[in-house]
Every structure is written in structure tokens, then in C-alpha cells.
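Topology and contacts: notes
The residues making up each chain are set out below.
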Amino acid sequence: MGDWKTITVPVLSSDSKNIFQYTSERKRSPTSMNSQVLRLPLPSSKNMHSFFSAFCTEENIEQSISYIDRELTTLGFPSIYAESKGKELNLISIINCINELLALQHKNLRAQEEVEMQHLKLGSDMDHLQNCYAKLKEQLELSKREIVGLQERDRQLQSKNRNLHQLLKNEKDEVQKLQNIISSRATQYNHDMKRKEREYNKLKDRLRQLVMNKKDKKIAMEVLNYVGRADGKRGAWRTDKTEARNEEEMYKVLLSDYEQRQKQLLVENAELKKVLQQMKKEIISLLPPQKQKPKERSEDGLVLSDLEEDIGELNKENMWELSCETVREQLTNSIRKQWRMLKNHVEKLDNQVSRGHSGAWNEKDVISREDHELETEKLELEIQQCKEMIKTQQQLLQQQLTCDDETTLLLQDCYLLEERERLQEEWRLFQEQKKNFEKERRSFTEAAIRLGLERKAFEEDRGMWLKQQFLSMTADCKHSENVTTPSAFLRSSDQDNWLVKSTSQQRKPPSVLNGSVSAEPCQTSQYITHNSVESKKIAGDSMPNLWVESDDKEETGECTKSWEDSGVGTLLCRNLHMEQLP
Amino acid sequence: MYKRGIVQVWSLEQPDWHCKIDEGSAGLVASCWSPDGRHILNTTEFHCSLSLCQLRITVWSLCTKSVSYIKYPKACQQGVVFTKDGRYMAVAERRDCKDFISIFVCSNWQLLRHFDTETQDLFGIEWAPNGCVLAAWDSCLEYKLLLYSLDGRLLSSYRAYEWPLGIKSVAWSPSSQFLAIGSFDEKVRILNHVTWKKITEFEHPATIASKKTIVYKEVEKSPSVETERLSFPPTKALASSLFSTQSKYEISQVPVSLQYIKPVADRANPKVGVGMLAFSADNCFLATKNDSIPNAVWVWDIRRLKLLVVLEQLCPIQGFQWDPRQPRLALCTGTSRVFLWSPAGCVAVQVPGEGDFQIVSLSWHSSGDSMVLLSKDNCCVCYLEREEVK
């Protein structure tokens, strides 16, 4: 770039409040023009015009243009000349350059704003940090002072502690000293005591010697009656043998005592071992069963197999009643192991309970707290419902039992009415049936009467025909159908007789018949049956059977006729006879 | 008759048999029977020109005309003790300011063992009821108890503490399982026979706070006199009943504070510590008396090692003894009443009689049906009705 010189510019016309700042000198570039140009800072808005007029005047247009062109090219913009060395200006490029310069200006302004913003921010941050710093310094001061105070207290307490320790040590030393004093005095006293005892013995002896009477030396005993020894034996001389025997007896006594004690201890030992074994078994049974995760299962399995081995061993050994060290140790160790396992198990359970663990455990025995609570809620609801039901039922019962008299009467009346209506209906039905039955009976009786009449007529005809036949037959031949005809004749005669009898019966007044209805029909029926039996006996042909049936029919017709007045009660008999009809 | 040096013996079965032993002016110190009832052991002061003056035990035999001598016995509280079966006798001796124990065979009075003890001043010895262990203890200046086997070996020694006053009384349990030691610090320590180590100690405080202890208190009741029945001159029975007071037991509510007598500090042989100990015959109870609470008897349950009952009397206890057959304790307080305690309850029994009969000591018969009550000049035999067990 070219150098710049600070050149004073002649005072501009009009506004002379321009402040021109000459900033720097620049070297002219070799290609620079000889014209002197100024570089001026951005002027204030007032002096825009003057500034603009200051740079380019009518005299130096070309120079300024060339200057501008040079500047622009150095800044990287395209030349404003149309051609490289011509004087015609390329307007388009000028406008472009202006636009770009404006854009550049905007960018620079923005950059400047940003920088100012940052500057402000940093300033405020700095203020903030300075405040914090001041506060922290204050706090630091305070805590330092506190520390000093606490240290002071700590020192005081420690010194007190040391004093107390010292006192304690002093007391202990004193106690020790006193004890030493006591022990030394005790030994001194003992020594003195012994000395005095010896002196005393000596003195006593001398005194006795002085005072003693020689006569009293003889001490004798006379025994008038000897008392027998307690065990009845005689006294024995004192010899070595007796001494040895004494020793022997003494040792025997001691040995027997020891043996007794040992027996007691053995018994106790055995009992304790038994108790331990039982305890071990119970502990094993208390431990959780084997249905758990495979890891634990394997562990339990191993342990249990060990246990089983142990149990087996110990059982065997107890049977032999060994009491050696190893067995004892084994037993105690196994019990300790089991106890530890049980303890762990119990601790685990405690933890579970405290944590309220749920979900992951699939153990049947373990119910999570939530499930448990749900169940309890459900159960409570059920209980409430049941209680309500019971209450309502009780209320209903009470209503039934203890309602007002009116209502009870009403209720009872209702029930009675219901029943009455029912019974009435049934009565109606019954009456209808009765009427129907009556009708039927009447029709049947009429039919029976007609039948009877027809039969009568038929019999008469038959009788006539038979007579004629007989007459003809006897006239013609004598041997054929002898058997049947006379019987038939006999029967017909019988029937005639019977018919006569029944008609005679009919003539009796009906009232009399009423009373004796039951008896006479029976008799007649008996008679009829007897008759039929007889007739059956007489002839085994179908013909007499027919007659028998017809006899029955007739009879029934007559019977029913006579029974009509007796009423409903004899319906049954009628029914029986009805059955006989085909 | 100690002063005159004469011992007189009578026979209970043959009233005209009589024996008199004259020791002369030798000075009779003590006399006792041997367990077989045929020998009398007199402890006399013996002297001869050559030897120093000391004591000698003369064993007079009533069946043979033989006399045996035992030299240097010690005149202590319990210097001569016999085993329960009467086979062996232990004598405490002191020679040249050293203590020894000699064990003799009672059948022929032969010396079996002789050994020294590590005591300063042997105060007492006692055989265990099984006859195999001998307990020896030092004087109250030193707490030391030594246990020797029958053949003279030292089995164990026990020392609870060093300087304060030591053992006051010792008692074996009838099964020889326990040894109770009562000491001047108002405690009883119980040793077991297997390890000879302390298993527990019983304290005797002046205030009883435990709820499980029953405290029986003797309460005096003057009988109510119906003035209408008074007659003149008053009959004997009436007179005695008027002026004699009856007493009965009442149960005091826990906590109870007993009458504590503070011992005088600067006198010798202070009235403090457990001075009386006795085990019951069935090994279940131990009766103790703390001399600083002289009106109370403490009964401990040995099976549970706990204080069971405290009997508080109106006067200081003179003595107590267990029934040899049942767990029944009889005690006397110097009044004319004897008191009985058993686990079923306790009762105060008035000795009928004119005037005061102040019971100083009592002794049960070996059958447990009767006991002898002794006062200063008189003695009275008390019969107990036995309940028939169906």
C-alpha cells in the first residue's frame, strides 16, 4: 500500500466544525498517483455534506475517481473503469462496488454491535465475580475465626482430659501404693505374730514347769465295765500290715468316689450329646427346603449331603459311644454350622419382611405384602357383604315375626283367601268330573239296560230256535250234539230262573236295597261265579264261556241299577265291574 | 467340766454305768465324741520337760484300756473333724508357726497322712459329705480356701479377693456338689465340685427389690382379752395368755428394707458378713444369715440359684437348722417361740410353759420328727406330727 502523509487540507467552506483527524502515514504504492489524498474517519452526520464535498471537488474528479478505483482494486473489488486505462466509468461495477461496500459496512456494524454486547456481558460477569469473591472472602474470614475458636475449645478439653487422666493415674498409683503398704504391713504382722507365738509358747512352758505338780503327771483311767466295740470286733495291734491296709482302704474309697463321679459325668455327657443331636436334626428341618434357585439348590444339596454324612457318622459313633476329641469337635462344628445357616436364613427372612419384597420370589410360602393386603381387603369386603345380607335377612325375619296385628291378620286372610280360592277351584273341577262320571254311568246303565233287553229278546229267540231245532232234531236224529244242547237247555233254564230271580229282586223297594246293597250283590256275584264255575265244569266249550261272560254282564247291569241310589261311595265297586267289561 | 479337768460320761441304756476321766491340772481345752461312740477325744494342754508346751489330744477308749495321743493339735474353731461315715478323722496342727493337717483312720487311730497347708493361720477344716475332699480355710485376715483330697494332695485353692476380711463360714452341700463360702463382704460364693471354681455369688443387701422373693415378717399380736371372762384369781392359762404375745407371719410387699446395723469400723471381729450357712438335706435350699442384718434369714433356691424367701424376725436370730429328712428349717431368736419354714409356708410355734423359755439353740433328731430346744438352763423336746401320706 502506499504511504500516507498527513497533509493539511485547506479549510473547507461553510461548516468549519470538522475535525479532521490525521491518523497515519502511509507509503505510496509505486503505482500510486502523485496526487495527495487524505484518508478521513467517518465524520459526524452533520458534516456529511462537507465531508463528501471535501474529498472530491470539481477540480480533482479524475484523481479521486482513479484513487477510488485504486482503493477498490486493492480491496479486491473489480475496477470501476470500463476498460483498463480508459476514462469511462463502468456504472454497473460502480453500483456493485457501492452495494458491496454497503454490505461490508453493515457487516462491520453488526460485528461491532456484537463486540460491544460481549464487552458489556463480560463487564457484568466480572462485576458478579467480584461480588462473589468479596462474599467468599468474608465467609472465609468467618470460618477461619470459628476454626480458631473450636481449636481453642478442643485444646481446653484435651488439657482437661489430660488432667483427668493424670488424676486417674495418680489415684491408681496411690491405690497401688496403699496395697503395697498393706501387703508389707501384713507380712510384717505375720512375722511379728509368729515371733510372739513362739515367745508365748516358751513362756507357757516355763510357767508350767514352775507351777506344775509332779503328782498330777500320772494320768490313769480305770475301767470297771468295758463297753463293747461298736462293730463288735476286737482291737488290733498297730503293725505295718495294718498301715498298708489303711492305705489300701483309703485309696479304695477315693477310687470309688472318682468312679461314681465319672459315671455321673458320662451320663450327663451322653444326655447332652443326645440333646445336641436332636437340636441338630431340628435345625436341619427348620432350614428352607431344596426347591429354590439352582445355585442355592446346589449349595443346599452339597451341604445337606455333608449333613447326612455327618449324621450318619455320628449316629454310628454314638452307637459305639466313643467320646474322643474328634467326635466331639465334629459334633460341635456341625451344630455351629447349622446354627449359622439358620441364623442367616432368619436374617434373610427379616430382610424380606422389612423390604416388602414381591414379584421376584416365586416361593409358595412367601406372600408379598401387597398381595397380602389385597387379599385382606377382598376378604373384608366379602365379610361386609355377608354382614349386610345377614342384617337384611334378620330384618325380614323380624318383620315377619313381630309386625302389627292388622298386617298379620291381613296376611293370614290373604293366605286363607288364596287357599280358599284354590280349594274352590278344585271343588269345581271335582264337581265337573263327578257330573261327567254320572253322565257316563247313566249312559252305561242305559246301554246295559238295552243290552239286557236285547239279550232277553235274543234269548227268547234262541230259546224258540232251539226248541224248534230240538224238535226238528229229535224228530230227525238223536245222536248228534247231545252234549251241548241239553247243557245249553239247562243253562237257559237256569238263566230263566235267574232272570226271574233278578226281576223279583228288582221289585223290592229301593230303600231296602240301599242298605243291603253291599250284601246282596256280593251274594249274587258269588252265586254268579259259582254258577259260572259250575257251568265251566259242566262244559269246556267256548259256548258256555260266552254265556258266562254274558252272565257277568247282565249281573253287572243289574247290580249297577240297584246301586245307583247308594251314591258315590260305591263308585269303586262299579269301577271294578267296569273293568270286567271288554 | 472344763475348769476342773474332769469329763463325765453316762450311758443312756444302762443307767448305772458311769465313767469319769480326770485330766488333772493339765487343763482341759475341748472334748468330743468319736463317731463310733466308743472313744472320747480330749484336747488338753500337755507339757513335758523336754518339749515345748503344746496341746495334745488324748483318745480315751471306752472299750479297751488303751490311750492314744495326738500331738500338736490346733485349738481353732474346728480343729478336729470326722468324715460322715466316721472312718477318717482330720486334725489341724500347728508346729513352729506352720500349719499341718493329719488324717487318721478311726478304727485303729493310725496316722494315714500328714501334710502341711499353705495357710497363714488355719482357722477351720471340714470334710465333704462323701468323705473324699477336705476343705481348709485361713483366718479372716486372709481369704484363702484350700481343697485337699483324702490322700493329702492339694486339689485346688480358691481366693476371691486379697485384702478385706475373708472367710467367715463354710458349708458343704449334702451331695458334695457345692461348697458355700460366706465371707465378711456380706456375700456367699458357691464353688462346684468339678472345677472348684465359683459358679455364683449371693448378695445380702439391706433392701430387697426382686418381685420374685417372698418376705415373711414376724408380727406380734397381743391377744384380745374378753373382759367378761376375767376371773379372780386368774388361772394359769389365762395369765400366760394375757401376758404372752402371739406372733405370726405376714407377707410384706416388695420392696422391703431390712433392719441394717452398721458395723463399728475400728473394732475387731465386726458383726458383719455371712456368719451362718446351712444346706437343706435335699440339696435344694441354702439358708444364710448376714450378721449386719441380724434379724433376717435368707433362703436361697439352689436349683435356680436365686433368692427364694427372706424371713424377717423381731429379734436377732440365734440359730437355725434344717430338718435332716425334709426341706424344713427351724430357727430360734432367743424368745420362747420356734419358727418353722418350709416351701409350703411358715409358722411360729409357741413353747408352752410358765415363764420365759428363751430358746438359744435347737437341734433336730435324725428322724426329723422331733427336735430339742435348748435354753440356758433347760431343754425341751418338740414333737412334730407327721402327715400320713396315703
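Residues numbered from 1 in each chain as written. Chains lettered and ligands numbered in written order. Predicted model: local features only at pLDDT ≥ 70, side-chain atom pairs only at ≥ 80, totals over all residues. Heavy atoms only, no water.

Some remarks on the overall build of chain A
- A tally of helices and strands in chain A yields 13 helices and zero strands.
- Residues counted as buried form 16% of the 582 residues belonging to chain A.
- Accessible area of chain A: about 47700 Å², with a carbon and sulfur share of 57%. (Helix = DSSP H or I, 4+ residues; strand = E, 2+ residues; numbered from the N terminus. Buried < 20%, exposed > 50% of the residue type's maximum accessible area, 1.4 Å probe, protein only. Areas by Shrake-Rupley, 256 points an atom, 1.4 Å probe, with all protein chains shown as cover.)

With respect to the environment of Asp356 of chain B
- Relative to the helices and strands, Asp356 of chain B is located in the loop between strand 30 (345-350) and strand 31 (361-364).
- C-alpha separation for the pair Asp356 of chain B and Thr335 of chain B, spaced 21 residues apart in sequence, amounts to 7.7 Å.

Remarks on the nonpolar core
Residue and element names in this part refer to chain B.
- Counting residues in hydrophobic clusters, the biggest one holds 38 residues, and the most contacted among them are Tyr88, Ile101, Ile125, Leu145, Leu179 and Ile181.
- At five residues, the largest contribution of residues to this core is made by strand 12 (residues 133-138).
- If we skip the residues at most four places from it in the chain, Ile181 touches Tyr143, Leu145, Tyr158, Ile167, Ser169, Val170, Lys187, Val188, Arg189, Leu191 and Leu277.
- By size, the runner-up hydrophobic cluster in this structure holds 22 residues, among which are Val215, Val274, Leu286 and Leu307. (Core = buried A, V, L, I, M, F, W, Y, C linked by side-chain atoms within 4.5 Å. Contact = heavy atoms within 4.5 Å.)

Concerning unusual backbone geometry
Residues and elements named next belong to chain B.
- Looking along the chain, the bond that leaves Val254 and enters Pro255 is cis, with omega of 0°.
- Its place among the elements puts Pro255 in the loop between strand 21 (246-252) and strand 22 (256-257).
- The residue Trp196 is not glycine, and still its phi comes out positive at about 55°.
- Its location among the elements puts Trp196 in the loop between strand 17 (187-192) and strand 18 (198-203).

With respect to the sheet that holds strand 29 (residues 337-342) of chain B
All names here are of chain B.
- Strand order in the open sheet formed by four strands is 27-28-29-30, and the pairing between neighbours is antiparallel. Of all the strands in the sheet, the pair left with one neighbour each is strand 27 (319-322) and strand 30. Each adjacent strand pair in this sheet contributes to an overall mean axis angle of 20°, direction not counted.
- Note that strand 29 and strand 30 share six bridges and pair antiparallel. Pairing of Arg337 across the sheet is with Gln350, part of strand 30. (Pairing = 2+ DSSP bridges. Axes fitted to C-alpha atoms, helices over the stretch in contact; angles between N-to-C directions.)

As for the UniProt feature "coiled-coil region" (unreviewed entry) in chain A
All names here are of chain A.
- Taking the UniProt record as the reference, the feature "coiled-coil region" (unreviewed entry) is found at residues 126-213, 255-282 and 369-396.
- Secondary structure across residues 255-282 comprises 100% helix and 0% strand; the distance between its end C-alpha atoms is 40 Å.
- Structurally, residues 369-396 is divided into 100% helix and 0% strand, and its ends, taken at the C-alpha atoms, are 41 Å apart. (UniProt positions renumbered as here; feature names shortened; annotations may be inferred.)

Regarding the confidence of the model for chain B
- Confidence in the prediction of chain B, expressed as mean pLDDT, is 82, and 86% of residues score 70 or more.
- Predicted complex metrics record ipTM = 0.74 and pTM = 0.55. (pLDDT = per-residue confidence, 0-100.)

Considering a nonpolar patch on the surface
- Together, Leu75, Leu101 and Leu104 of chain A make up a nonpolar patch on the protein surface, roughly 260 Å² of accessible area in all.
- Relative to the helices and strands, Leu104 of chain A resides in helix 3 (residues 91-211). (Patch = residues over 30% accessible without salt bridge, like charges linked within 9 Å, V, L, I, M, F, W, Y side chains within 5 Å. Salt bridge = Lys/Arg side-chain N within 4 Å of Asp/Glu carboxyl O.)

Structural notes on the side chain of Arg189 of chain B
Residues and elements named next belong to chain B.
- Position of Arg189 relative to the elements: it lies in strand 17.
- Looking at Arg189, the relative accessible area reads 5%, which means it is buried.
- Reaching out from Arg189, the side chain makes a polar contact with the side chain of Asp185 at a distance of 3.0 Å.
- Setting aside residues no more than four positions away along its own chain, Arg189 makes contact with Tyr143, Tyr158, Ala160, Tyr161, Leu179, Ala180, Ile181, Ser183, Lys198, Thr200 and Glu201. (Polar contact = N/O pair within 3.5 Å; in protein donor to acceptor, adjacent residues only side chain to side chain.)

Overview of the sheet that holds strand 16 (residues 178-183) of chain B
All names here are of chain B.
- With respect to topology, four strands assemble into an open sheet ordered 15-16-17-18, the strand pairing being antiparallel. Looking at strand neighbours, the two that pair on one side only are strand 15 (167-172) and strand 18, the edges of this open sheet. Strand after strand, the sheet turns through a mean of 20° between neighbouring axes, direction not considered.
- Note: strand 16 against strand 17, five bridges, orientation antiparallel. Residue pairing across strands places Ala180 opposite Ile190, the latter belonging to strand 17.

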